[in-house]
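Report on the structure
Residue strings, one per chain:
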Amino acid sequence: MPQEYKLLLKHADADGYSNDLECYERNGGYAALRQALAIAPAGDTTPQAQLRKSVLDSGLRGRGGAGFSCGLKWSFVRHPNPKPVYLICNADESEPGTFKDRQIIYKDPHQLIEGMIISCWANHVNLAYIYIRGEFTEGAKILNTALAEARAKGYLGKNILGSGHDLEIHVHRGAGAYICGEETGLIESLEGKRAYPRIKPPYFPAALGLYMCPTIVNNVETLCNVKHIVEMGAEPFAKLGTPNNTGTRLVSLSGDVKNPGYFEIETGKVTLGELIQNENFGGGLREGRTLQAIIPGGSSSKVLKAGETFKVGETEIDLLDVPYDFDTLMKIGTMSGSGAIIVIDDSRDIVECLANLAEFYAHESCGQCTPCREGSLWMNKALHRMTHGDARAEDADYLKHIAHNIQGRTICAFGEACAWPVLSFVEKFRDEFEAKAK
Amino acid sequence: MPFTPTEKLSTEVAELITHYPEGESRSASLMVLHAIQDEAGYISAEAMQWAAAEIGVKPMHLYELVTFYPMLREEPPGKFVLKVCRTLSCAMAGGTELHKNICNKLKLDPNAHGLQTTEDGKFSIEFAECLASCGTGPVMMCNNDFHEAVTEEKSNEILGSCE
């Protein structure tokens, strides 16, 4: 029977666990930080370089959506660097379907802060920010309280725990714009501007990030994992999960299942079908319902249709037997993104589901690039019309045409994020879209 | 009439500016605008002028933020601002009906998605995009309070407790 594996969420929901420093320390908190600060130089290799190597060796991949190697991202920053290096925790959790970072921020904020302090130390960072979405008002308060506690104990401030390293972390609140989750948009926003993403090249954050200085932007879950890599060692950490998909994954499950919620699994050790049907997870669909579709990795991922089979390696596997990891989801033409699964049963009008998402993207396009600004609105208008009794026979092709003219033609990945759902819904459920015109 | 900040706001703004490196005070803009709105409920043109001088930017630099970020408001809203999540998981869990029911109760347009305020100025309601609690939909916020799995009965209680 597939089980949860609790690493990051080991304490968060435990009876009597609270989000204050005293409780965190009582449960072994900040031991990993002391451990990290005590690493001795090995020959010419600094303790920081050892730690960065350890994160690279652990195979940790970014949990925000792209699944890019964390160690590799860190390695793009040169040391010693003539400019100050900044670290930003991306806590702008706003990909529809995702509600995992919220659990850590609200219930176990010191785990994030410890992960951040270790990461800052490893990357020679003296000033870091937590960019938290504006609607998490309570979350921002909790983090500020936790940061004040950490400061009072000497985990932050001048010469942290006698290490000679200075570090300050501040909370910076967003104000309701999804585009701030895109790392260069986030940086613009943190600089006090509209969150217009920057074009890459040249503005790779590792070289020209915050204030045109090298900047590391990592998701909440990613930074928490750094603490566990220090605690466990890179090799044991890499044994969790599956090869190239190491560690655990926080999965947000919503939509038409009996038991929606968040679950922590060893990456790739549980299948999509188990996550939806097993009683340890989603508990199956409601009585009398059958599966229609799965959005596997946040609303921007390509939709999967019930009954689809995929050739993975030599074998043909059913959609429900797909292991929930980074690589297999990519192989079958979609992505695990932010780890958010939305289940859609046969009672739903699939065109209305897409219309709902199209409205989201039309609202959230930052407006900088014409194809995205205009295209997201056109797709929304067309889908609104289609779901309000005015569909046309050519609409399916019209939607695909617009989407094709957005993806690959924008500064940031929002273009793909708004085009992919449209392309995949229309392609896989073409009959439903055409039926609207009848 | 020029904007007169409270002492609390002045202190808070001065503190916020110290959170950013020297010469980068523009970074404090969003946090300063939040501080103003948290206190006054909205951000007036006069408040922007005052804040711009404190931060050391042009008022235009703040105005471009107020007109970009959905949470920031130029007009005073009702005493209680209700944000109902509109996005897919919540919509599937009944978010659309929740918004409609509350609008009907407050004699507001159930088809409007943007901010609308009751005549007596007590309530404002708007749809918000994904509030990141998709497993417990439909969700809504009442000012800063977050409510999950909001049934019609629960929404009545929430509205009833607004005094």
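This part takes up the overall build of chain B. Along its length, chain B carries seven helices and five strands. In sequence order, the secondary structure elements of chain B are arranged as α-α-α-α-β-α-α-β-β-β-β-α. Seen through its principal axes, chain B has C-alpha atoms that stretch 50 × 35 × 25 Å. Buried positions account for 52% of the 163 residues belonging to chain B. Put simply, chain B shows about 7600 Å² of open surface, and 50% of that area lies on carbon and sulfur atoms. Here chain B holds 12 positive side-chain charges and 24 negative ones, and the gap between their average locations is 5 Å.

Note: strands within a sheet are paired through backbone hydrogen bonds, in either parallel or antiparallel orientation. Residues and elements named next belong to chain A. Taken in spatial order, the five strands of this open sheet run 8-7-13-9-10, and their pairing is mixed. Among the strands making up the open sheet, the edge pair consists of strand 8 (261-266) and strand 10 (304-305). Of the pairings in the sheet, the one linking strand 9 (residues 291-295) to strand 10 comprises two bridges and is antiparallel in character. If you follow Ala293 over to strand 10, its bridge partner there is Lys305.

With 54 residues of chain A in contact, the opposing surface of chain B contributes 36 residues. Buried surface at the junction of chain A and chain B, summed over both partners, amounts to about 3700 Å²; 58% is from carbon and sulfur atoms. Applying the counting criterion to the chain A and chain B interface returns two salt bridges. Here B:Asp38 and A:Arg173 are joined by a salt bridge, their closest N and O atoms 3.7 Å apart. Put simply, the parts of the chain that give the side of chain A that touches chain B at least two residues each are strand 2 (125-132), strand 3 (168-173), helix 8 (183-190), strand 7 (248-255), strand 13 (340-345) and helix 14 (350-364) of chain A. Top contributing element to the side of chain A that touches chain B by residue count: helix 14 of chain A, with seven residues.

Our next topic: the nonpolar core. Core analysis: the biggest nonpolar cluster contains 83 residues, and A:Leu383, A:Leu399, A:Phe425, A:Phe433, B:Leu62 and B:Tyr69 have the highest contact counts within it. The element contributing the most residues to this core is helix 14 of chain A, with nine residues. Here B:Leu62 is in contact with B:Ser29, B:Leu33, B:Met48, B:Ala51, B:Ala52, B:Ile55 and B:Val57, once residues within four sequence places are set aside. If you look at the next biggest cluster of nonpolar residues, it comprises 63 residues, including A:Leu7, A:Val55, A:Ala146 and A:Val230.

It is worth spelling out the domain arrangement of chain B at this point. Parsing chain B into structural domains produces domain 1 (7-66) and domain 2 (80-160). For domain 1 of chain B versus domain 2 of chain B, the separation of C-alpha centres amounts to 29 Å.

On to empty space enclosed by the protein, then. Tallying each qualifying case throughout the model produces two cavities of 30 Å³ or more. Roughly 90 Å³ of internal volume is contained in the largest cavity. Along its surface, the largest cavity is lined by 13 residues, and A:Cys366, A:Cys369, A:Cys372, A:Cys412 and A:Phe414 are the ones closest to its centre. Roughly 60 Å³ of volume is contained in the second largest cavity. Top element by residues in the lining of the second largest cavity is helix 5 (residues 88-92) of chain B. It accounts for three residues. Here the residues of the lining of the second largest cavity are counted per class, giving nine nonpolar, four polar and no charged.

All names here are of chain A. In terms of burial, strand 2 is a largely internal element, seven of the eight residues being buried. Where strand 1 (residues 85-91) meets strand 2, seven bridges bridge the pair, whose relative direction is parallel. Counted as the bridge partner of Ile88 is Tyr129 from strand 2. When strand 2 meets strand 3, the two strands line up parallel, connected through six bridges. Looking at the pairing, Ile130 lines up with Val171 of strand 3. Where the polypeptide runs from strand 2 across helix 7 (residues 137-152) and back to strand 3, its parallel neighbour, the crossover connection is right-handed.

Turning our attention to the domain arrangement of chain A. Residues and elements named next belong to chain A. Under the domain assignment used here, chain A contains domain 1 (21-239), domain 2 (249-345) and domain 3 (350-435). The partner domain 2 presents 20 residues to the 18 residues of domain 1 that form the contact. The interface formed by domain 1 and domain 2 includes one salt bridge. A salt bridge links Arg61 to Asp327; the nearest nitrogen and oxygen atoms lie 3.0 Å apart. For the pair domain 1 and domain 2, the number of links is nine residue pairs in polar contact (both at pLDDT 80 or more). Within the side of domain 1 that touches domain 2, the residues separate by chemical class into four nonpolar, seven polar and seven charged.

Attention shifts here to the pattern of salt bridges. Two side chains of opposite charge can pair, provided their charged atoms sit close to one another. Residue and element names in this part refer to chain A. Scanning the entire structure with this criterion turns up 35 salt bridges over all chains. Of the charged contacts, one joins Asp13 and Lys107 as a salt bridge, the two residues approaching to 2.9 Å between their closest N and O atoms. Here Lys107 lies in helix 5 (residues 101-107) and Asp13 lies in the segment before helix 1 (21-26), a separation of 94 residues in the sequence. For Asp13, a relative accessible area of 37% translates into the label partly exposed. The exposure class assigned to Lys107 is partly exposed, which follows from its relative accessible area of 23%. Across the salt bridge formed by Lys158 and Asp166, the nearest N and O atoms sit 3.8 Å from each other.

Residue and element names in this part refer to chain A. With 13 residues, helix 10 (residues 220-232) extends 19 Å between its outermost C-alpha atoms, agreeing within 8% with the 18 Å of an ideal straight helix rising 1.5 Å per residue. With 11 of 13 residues buried, helix 10 lies mostly within the body of the structure. Within helix 10 the residues assigned to the buried category are Val220, Glu221, Thr222, Leu223, Cys224, Asn225, Val226, Lys227, His228, Ile229 and Val230. N-cap assignment for helix 10: the residue whose side-chain oxygen lies 2.8 Å from the backbone N of Glu221 is Asn219. Backbone geometry just after helix 10 places Gly233 at a positive phi near 95 degrees.

A few words on helix 14 of chain A. All names here are of chain A. Between its first and last C-alpha, helix 14 extends 22 Å over 15 residues, near the 21 Å set by a 1.5 Å rise per residue. Helix 14 sits mainly inside the fold: 12 of its 15 residues count as buried. Within the span of helix 14, buried status applies to Ile350, Val351, Cys353, Leu354, Ala355, Asn356, Leu357, Ala358, Phe360, Tyr361, Ala362 and Glu364. Sitting at the amino-terminal end of helix 14 is Asp349, which places a side-chain oxygen 2.9 Å from the backbone nitrogen of Val351.

What counts, and where the lines are drawn
Starting from 1, residues in each chain are numbered consecutively following that chain's sequence as written. Think of it this way: whatever chain is written first is A, whatever ligand is written first is 1, and the rest follow in order. For a predicted model such as this one, the threshold for reporting local features is a pLDDT of at least 70, and the threshold for listing and counting side-chain atom pairs is 80 or more; totals across whole chains, interfaces and linings nevertheless cover every residue. Computation of side-chain values: all heavy atoms of the structure, hydrogens and water removed. A run of H or I in DSSP counts as a helix once it spans at least four residues, and a run of E counts as a strand once it spans at least two, with each numbered from the N terminus. Exposure is judged per residue with a 1.4 Å probe applied to protein chains only, and the accessible area is read against the type maximum: over 50% gives exposed, under 20% gives buried, and values in between give partly exposed. Only the protein chains shown count as cover for residues, with accessible areas throughout obtained via the Shrake-Rupley method and a probe of 1.4 Å. Under the counting rule used here, the positive set is Lys and Arg, the negative set is Asp and Glu, and His together with the chain ends is not counted. Where a charge lies is defined by one atom per residue type, namely NZ (Lys), CZ (Arg), CG (Asp) and CD (Glu). Pairing between strands is defined by DSSP: at least two bridges between them are needed. Residue contacts follow a heavy-atom distance rule, with two residues in contact if any of their heavy atoms lie within 4.5 Å. Here the buried area means the combined drop in accessible surface, using a 1.4 Å probe, for two parts upon being joined, counting both sides. Any Lys or Arg side-chain nitrogen found within 4 Å of a carboxyl oxygen on Asp or Glu counts as a salt bridge. By nonpolar core we mean a set of buried residues, namely Ala, Val, Leu, Ile, Met, Phe, Trp, Tyr and Cys, connected to one another through side-chain atoms within 4.5 Å. Here the bounds of each domain stem from an automatic or database domain assignment. A 1.4 Å probe that fits but cannot get out identifies a cavity on a 1 Å grid over protein atoms alone, an open set with protein on both sides within 12 Å along at least five of seven lines counts as a pocket, and a residue lines either if it has an atom within 4 Å of a point. Grid points are joined across faces, edges and corners, and a volume is the space filled by probe spheres set on the points. By the convention adopted, Pro, Cys, Tyr, Trp, Phe, Met, Ile, Leu, Val and Ala count as nonpolar, Lys, Arg, Asp and Glu as charged, and the other residues, Gly among them, as polar. Consider the strands pointing away from the viewer: the crossover is right-handed when the path from the first strand over the helix to the second runs clockwise. For this analysis, a polar contact is any N or O atom pair within 3.5 Å, provided that within protein one partner can donate a hydrogen and the other can accept it, and provided that sequence-adjacent residues contribute only side-chain to side-chain pairs. Helix span, expected: 1.5 Å multiplied by one less than the number of residues in the helix.

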